[in-house]
Amino acid sequence: MERNEFNGTWFVLHVETGKEEQIVTIFREKIGTESGLFDECFYITYEDVWRYHQYSIVEKRIFFPGYIFIISKRPMELYQELKKIPQFT
């Protein structure tokens, strides 16, 4: 069994569907990993492969539309910072 490289607590943040990438970018710019408030912020994607005639078509899709994941060891401090950003209030 491999050890998980992220030792913090995992949180789910509900965002507007279709804006996951934009929100993750804003989150990283406004708070930044150097602040130490979070280890990682991401959304989960998968590749949907299907065939049309003799062609394989690959579409990258979001596994949980409308949700981003945050790993943090300091959740209360992170919450206070999130309250200061208009996109997260």
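Caption draft 1: Local environment of the environment of Ile62. On the secondary structure map, Ile62 appears in strand E4 (residues 55–62). Among the residues examined, Ile62 registers a relative accessible area of 26% and is labelled partly exposed. The sequence separation of Ile62 and Thr45 amounts to 17 residues, and the corresponding C-alpha distance is 4.3 Å. In this structure, Ile62 is in contact with Glu20, Tyr43, Ile44, Thr45 and Tyr46, ignoring residues within four places of it in sequence.

Caption draft 2: Focus on the nonpolar core. Among the nonpolar cores identified, the biggest contains 15 residues, and Phe27, Ile31, Phe38, Cys41, Leu78 and Phe88 are the most heavily contacted of them. Broken down by secondary-structure element, the contributors of at least two residues to this core are helix H1 (20–30), strand E5 (67–72) and helix H2 (75–82). Considering each element in turn, this core owes the most residues, four residues, to H1. Setting aside its immediate chain neighbours within four residues, Cys41 contacts Val24, Phe27, Arg28, Ile68, Phe69 and Ile70.

Caption draft 3: Geometry of a nonpolar patch on the surface. Taken together, Val12, Tyr46, Phe63, Phe64 and Tyr67 make up a surface patch of nonpolar side chains, about 470 Å² in accessible area. You can see Phe64 is positioned in the loop between E4 and E5. Classification of Phe64 by relative accessible area gives partly exposed; the value is 37%.

Caption draft 4: Representation of the pattern of salt bridges within the structure. Inspection of the entire model under this criterion finds six salt bridges. A salt bridge links Arg61 to Glu59; its shortest N-O distance comes to 2.6 Å. The class for Glu59 is partly exposed, based on a relative accessible area of 30%. Linking Arg74 and Glu77 is a salt bridge whose minimum nitrogen-to-oxygen distance equals 2.4 Å. For Glu77, a relative accessible area of 40% translates into the label partly exposed. What you see here is one network of salt bridges that share partners, running through Asp48, Glu59 and Arg61.

Caption draft 5: Geometry of the sheet that holds strand E2 (residues 40–42). Spatially, the three strands line up as an open sheet ordered E1-E5-E2, and their pairing is antiparallel. The open sheet has two free edges, formed respectively by strand E1 (9–14) and E2, since each of these has just one partner strand. Direction aside, neighbouring strands of the sheet carry axes that sit 20° apart on average. Docked against the sheet, H1 engages E2 and E5, running at close to 160° with respect to E2.

Caption draft 6: The pairing of E4, seen in detail. Across eight bridges, strand E3 (residues 45–52) lies against E4 in antiparallel orientation. Within E4, the position partnered with Tyr52 by the bridge is Tyr55. Counting the residues that bridge the hairpin from E3 to E4 gives two residues, and of these His53 lies at a positive phi of roughly 55°.

Rules used throughout
Residues numbered from 1 in each chain as written. Predicted model: local features only at pLDDT ≥ 70, side-chain atom pairs only at ≥ 80, totals over all residues. Heavy atoms only, no water. Helix = DSSP H or I, 4+ residues; strand = E, 2+ residues; numbered from the N terminus. Buried < 20%, exposed > 50% of the residue type's maximum accessible area, 1.4 Å probe, protein only. Contact = heavy atoms within 4.5 Å. Core = buried A, V, L, I, M, F, W, Y, C linked by side-chain atoms within 4.5 Å. Patch = residues over 30% accessible without salt bridge, like charges linked within 9 Å, V, L, I, M, F, W, Y side chains within 5 Å. Areas by Shrake-Rupley, 256 points an atom, 1.4 Å probe, with all protein chains shown as cover. Salt bridge = Lys/Arg side-chain N within 4 Å of Asp/Glu carboxyl O. Pairing = 2+ DSSP bridges. Axes fitted to C-alpha atoms, helices over the stretch in contact; angles between N-to-C directions.

Geometric descriptors of this kind do not, in isolation, establish any biological role.
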